[in-house]
Amino acid sequence: MWFEGRLVESGYPVRLEVTDRVIGRIESLHTAQDVWIAPGLLDIQVNGYMGHDVNARDVTPRDIIDLVHALWQRGVTALCPTVITQSEVHICHALQAIATACKADPLVAHAISCIHVEGPYISPEDGPRGAHPLAHVRPPDLAEYARWQEAAEGRIGIITLSPEYPAVSEYIRSVTADGVIVAIGHTGAKEDDIRAAVDAGARLSTHLGNGSHAQIQRHPNYIWEQLAEDRLMASFICDGHHLPPAVMKAMLRAKGVERSLLVSDAVAVAGLEPGIYQTVVGGQVELLPGGRLNLYNTPYLAGSTSSLPECIANVVRYAGLTLADAVRMASVNPVQLLGLDTLQRRGSVRSGAAADLTFFHIDQFSGELIIEATIVHGELVYQRKAEQDT
Ligand SMILES: [Zn+2]
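These numbers come from a predicted model, not from an experiment. (Residues numbered from 1 in each chain as written. Predicted model: local features only at pLDDT ≥ 70, side-chain atom pairs only at ≥ 80, totals over all residues. Heavy atoms only, no water.)

Turning to the overall build of the protein, a few remarks are in order. Per the secondary structure count, the protein includes twelve helices and 21 strands. Over its C-alpha trace the protein gives a radius of gyration of 20 Å, about what one expects of a compact globule, namely 21 Å for 390 residues. Structurally, the protein occupies a C-alpha span of about 60 × 45 × 40 Å along its principal axes. In the protein, which comprises 390 residues, the share counted as buried stands at 56%. Charged side chains in the protein number 30 positive and 45 negative. The centres of these two groups are separated by 4 Å. (Helix = DSSP H or I, 4+ residues; strand = E, 2+ residues; numbered from the N terminus. Rg over C-alpha atoms; globule rule 2.2 N^0.38 Å. Buried < 20%, exposed > 50% of the residue type's maximum accessible area, 1.4 Å probe, protein only. Lys, Arg positive; Asp, Glu negative; His and termini not counted. Charge placed at Lys NZ, Arg CZ, Asp CG, Glu CD.)

The next subject is the coordination of the zinc ion. Of the protein atoms, only Glu118 (OE), His186 (NE2) and His207 (NE2) coordinate the zinc ion, at distances of 2.0 to 2.1 Å. Counting the intervening residues between successive donors of the zinc ion yields the motif E-x67-H-x20-H. Of the two residues, Glu118 sits in strand β9 (residues 115–118) while His186 sits in the loop between β11 (181–184) and α6 (191–200), which places them 68 residues apart along the sequence. Classification of Glu118 as buried rests on a relative accessible area of 2%. Of the residues examined, His186 reaches a relative accessible area of 6% and is grouped as buried. (Donors = N, O, S within 2.8 Å, 3.2 Å for Na, K, Ca; no water.)

To continue, consider the pairing of strand β21 (residues 379–383). Pairing between strand β20 (residues 369–376) and β21: four bridges, direction antiparallel. From the neighbouring strand, Val376 faces β21, where its bridge partner is Glu379. The loop that links β20 with its antiparallel partner β21 comprises two residues; one of these, His377, has a positive phi angle of about 50 degrees. (Pairing = 2+ DSSP bridges.)

This part takes up the pattern of salt bridges. The final tally for this structure, using the stated rule, is 18 salt bridges. For Lys103, the salt bridge is made with Glu153, and the minimal N-O distance between the two is 2.8 Å. With Lys103 in helix α2 (residues 88–104) and Glu153 in the loop between α4 (142–152) and β10 (156–161), this residue pair connects regions lying 50 residues apart in the sequence. Judged by relative accessible area, which is 43%, Glu153 ranks as partly exposed. With a shortest N-O distance of 3.5 Å, Arg259 and Glu258 are connected by a salt bridge. Taken together, the shared-partner salt bridges in this structure form one network comprising Asp192, Arg195 and Glu225. (Salt bridge = Lys/Arg side-chain N within 4 Å of Asp/Glu carboxyl O.)

Before going further, it helps to spend a moment on the nonpolar core. Among the nonpolar cores identified, the biggest contains 89 residues, and Leu95, Trp148, Leu262, Ile312 and Val315 are the most heavily contacted of them. When near neighbours in sequence (up to four residues on either side) are disregarded, Trp148 contacts Glu88, Ile91, Cys92, Leu95, Val117, Gly119, Pro120, Tyr121, Ile156, Ile159 and Tyr171. Ile158, Ile181, Leu204 and Leu261 belong to the second largest nonpolar core, which has 17 residues in total. (Core = buried A, V, L, I, M, F, W, Y, C linked by side-chain atoms within 4.5 Å. Contact = heavy atoms within 4.5 Å.)

With respect to the element layout, Glu225 can be found in helix α7 (residues 222–228). Excluding anything up to four places from it in sequence, Glu225 contacts Glu191, Ile194 and Arg195.

Looking now at the sheet that holds strand β16 (residues 283–287). Taken together, four strands build an open sheet; the order of strands is β15-β16-β17-β18 and the sheet is antiparallel. Both outer strands of the open sheet, β15 (275–279) and β18 (301–303), are each paired with one neighbouring strand and no more. For this sheet, the mean inter-axis angle between neighbouring strands, taken without regard to orientation, is 45 degrees. Both β16 and strand β17 (residues 293–295) contribute to a ladder of three bridges, which runs antiparallel. Within β17, the residue paired with Leu287 across the bridge is Leu293. (Axes fitted to C-alpha atoms, helices over the stretch in contact; angles between N-to-C directions.)

As a further point, take unusual backbone geometry. Trans is the prevailing form of peptide bonds, just as negative phi is the prevailing case for residues other than glycine. In this structure, Pro120 follows Gly119 across a cis peptide bond, with omega equal to -5 degrees. Omega for the peptide link from His219 to Pro220 comes to -5 degrees, which places this bond in the cis form. Position of Pro220 relative to the elements: it lies in the loop between β12 (204–205) and α7. A positive phi is found at Arg21, a non-glycine position, where the angle reads about 70 degrees. Locating Arg21 in the fold gives a position in the loop between β2 (13–19) and β3 (22–28). Here the phi dihedral of His377 falls at roughly 50 degrees; this positive angle occurs in a residue that is not glycine. On the secondary structure map, His377 appears in the loop between β20 and β21.

Another point: the packing of α2 against α4. Two quantities define a packed helix pair, namely the angle between the axes and the distance from one axis to the other. Two numbers describe how α2 lies on α4: the axes approach to 7 Å, and their chain directions differ by 30 degrees. Looking at the two axes, α2 sits roughly parallel to α4. Here Glu88, Ile91, Cys92, Leu95, Gln96 and Ala99 of α2 come into contact with α4, specifically with Glu144, Arg147, Trp148, Ala151 and Ala152. Considered class by class, the residues forming the contact of α2 with α4 number seven nonpolar, one polar and three charged. (Parallel < 35°, antiparallel > 145°, perpendicular 65-115°, else oblique. Nonpolar A, V, L, I, M, F, W, Y, C, P; charged D, E, K, R; others polar.)

Here the focus is the side chain of His207. Relative to the elements of secondary structure, His207 occurs in the loop between β12 and α7. Judged by its relative accessible area of 2%, His207 is buried. His207 has contacts with Gln45, Glu118, His186, Ser235, Ile237 and Asp265, leaving out every residue within four places of it along the chain.

With that out of the way, let us pick up the sheet that holds β21. Within the open sheet, the seven strands sit side by side as β3-β2-β1-β4-β19-β20-β21. Their pairing is mixed. Two strands in the sheet have a free side with no partner beyond their single neighbour: β3 and β21. Across the sheet, the axes of successive neighbouring strands diverge by a mean angle of 40 degrees, strand direction being ignored. Of the strand pairs in this sheet, strand β19 (residues 357–362) and β20 are connected by six bridges, and their pairing is antiparallel. By the bridge assignment, Ile362 is partnered in β20 with Leu369.

Below you can see the structure in the form of structure tokens.
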């Protein structure tokens, strides 16, 4: 298969061959159509999309497979399905469903880079806890971690926790030694606790600037501490609702493109029509035109309904970043965080690299990314039809 377009990193027009699951020859052209070629987008935080809910009490492997397929249509080649705070039985059920989906379909297994468990070892306080159910918030437990990995067949790769619990450093050291990335999130921790967590191996801040108190001491506080900590990468929800444009811009500049990741943190109603929905975790929610999701009859956010292409467009629009930098934060950086650049040669568009690619053009009026094609592990899993032209 040959594809034409411009490399997002350099702008060079090329013709590119996909063969045997890798990128074959790349030939330069004098000109090319306005299609950008990017390393496959990787979303490390997805709770659901198009009605498929990772955290539904009765989630099935079919739901997980359908979720992956739905995201391919949005140019997201790979993801970390995200299991949030619930009882251990509920968490293990979701983990098993994901593991079974991976065994059922090798391409889905390739697309599920690892599982992200967000909670239940988070702050019990209103604000930092976000929409996670208080009844199931608890301190870190290594025995439970072992049972999770058994249910997940070893596929857990990220755990988001709050380092405000005693003995949390021992927990972080143990799971880090097991190859898991520990992320700090939904936290009310003091600055010393954050530093200790990083010393113990924590490497990421989960959706920095969200999952926090509505009002905090101006400084010092846990946001500045994480923003300034160069050993932490940080993920950001740039859906246009979770962070005001000025905050998005300032935080991305402070953390730097090389340490920042874009995540959708999408919930199951993402991608659906505006309306009122009943959700497992958030209760009754209202999806407004424009994509804002509120707890019904309140001004409070109940989750994100974006996907990575919207976040990329927002970062270009609101934070003054180049398209190349915005795409990097949604492709190369998450790939590098998970070590998939060396393990699977993902995250670059060059001869011999893995053929996980996203092709898109930018709508000249809206600035939105229109996905043209998605290639996962060398297979064309989505191609926009001509009649979808707008
Ligand atoms: Zn969260």
